[in-house]
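Working through the structure, step by step
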Amino acid sequence: MSTTDANFMLFPNINDCSEENVWKLCEQVKKTYPSELPKCYAVFVSNERRTVPLWRQKAGRGDEKLVIWDYHVFFMHNPSPNRCLVFDLDTTLPFPTYFHKYVTETFRSDYALTPEHHRFFRVIPAEKYLAEFSSDRRHMRRPDGSWIKPPPSYPPIQTSDDFICMKPGKGPGAVYDLLHFVQQFYKPPDRNIGTKTQN
């Protein structure tokens, strides 16, 4: 699946439930590019206090489009060690965006944030996400039970597990802090390739 192909991965049923949108994208890759599914991931971003600042979000405010989510979900395609694409329907960045640009502009750094706002990332292989994800759409309702916006026409995707929990060893996939998440999926280009050593 090339970057050009990736631009044709359209969601048939886009809704306000980012984890369901990512599930539908995983499903679409499985149907149309099955050989690429092992290189795809669902990524949940949250923390113990459920307060994660993200920039460049459509729901954000100000010039920098900052918003604080309880959690956020996006899709990643990592076809090679030095190439990773992020698909985030809520970003103001291009769709898709290369990993380094997305992380730099969306998460910036934890150094300027208080510890309670540090972001953690649960990275789940797409195949596992398709098998285990569950959504009851609770967060799409008002306190009185009415819908904030009409739900998707298809029924909720029902399985079990807590994907938003960021405790390592609990739940599917692997949990990283921001630094280790970047180290896992971003390999800087080797600037020495093609240069000659002088004797």
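So, a few notes on the structure that sits alongside this text. Because the structure is a prediction, the values reported are computed rather than measured.

Definitions and cut-offs
Residues numbered from 1 in each chain as written. Predicted model: local features only at pLDDT ≥ 70, side-chain atom pairs only at ≥ 80, totals over all residues. Heavy atoms only, no water. Core = buried A, V, L, I, M, F, W, Y, C linked by side-chain atoms within 4.5 Å. Buried < 20%, exposed > 50% of the residue type's maximum accessible area, 1.4 Å probe, protein only. Helix = DSSP H or I, 4+ residues; strand = E, 2+ residues; numbered from the N terminus. Contact = heavy atoms within 4.5 Å. Salt bridge = Lys/Arg side-chain N within 4 Å of Asp/Glu carboxyl O. Arc of directions from axis to C-beta. Polar contact = N/O pair within 3.5 Å; in protein donor to acceptor, adjacent residues only side chain to side chain.

Let's shift gears to the nonpolar core. V22, C26, F44, F75 and Y129 are the most contacted members of the largest nonpolar core, which has 23 residues in total. For this core, the elements supplying multiple residues, two or more each, are α2 (18-32), β1 (40-46), β4 (72-80), β5 (83-87) and α4 (126-132). If you tally residues by element for this core, the top one is α2, at 5 residues. When near neighbours in sequence (up to four residues on either side) are disregarded, Y129 contacts E19, V22, W23, C26, A42, F44, V73, I124 and F163.

A side chain with one charge may pair with a side chain of the opposite charge, provided their charged atoms come close. Inspection of every chain in the model, using the stated rule, returns 8 salt bridges. Close ionic contact of R119 with D110 constitutes a salt bridge, the shortest N to O distance being 3.1 Å. Each of the salt bridges in this network shares a partner with another, and the network as a whole consists of R56, K101 and E105.

Once that is clear, we can look at helix α3 (residues 99-106). Inspection of α3 places F99, Y102, V103 and T106 among the buried residues, and these make up the whole buried set. Seen along its axis, α3 keeps its buried residues to an arc of 90°; they face one direction. Its buried side turned inward, α3 meets β2 (52-54), β4, β5, β6 (97-98) and α5 (178-185). After α3 finishes, the residue R108 shows a positive phi value of roughly 55°.

What follows covers the side chain of S46. With respect to the secondary-structure elements, S46 resides in strand β1. On the basis of relative accessibility, which here comes to 0%, the residue S46 falls in the buried class. A polar contact is formed between the side chain of S46 and the backbone oxygen of D70, at a distance of 2.8 Å. Leaving out residues up to four positions away in the same chain, S46 has contacts with V52, D70, Y71, H118, R119, F120, I164 and M166.

These figures capture arrangement, not role.
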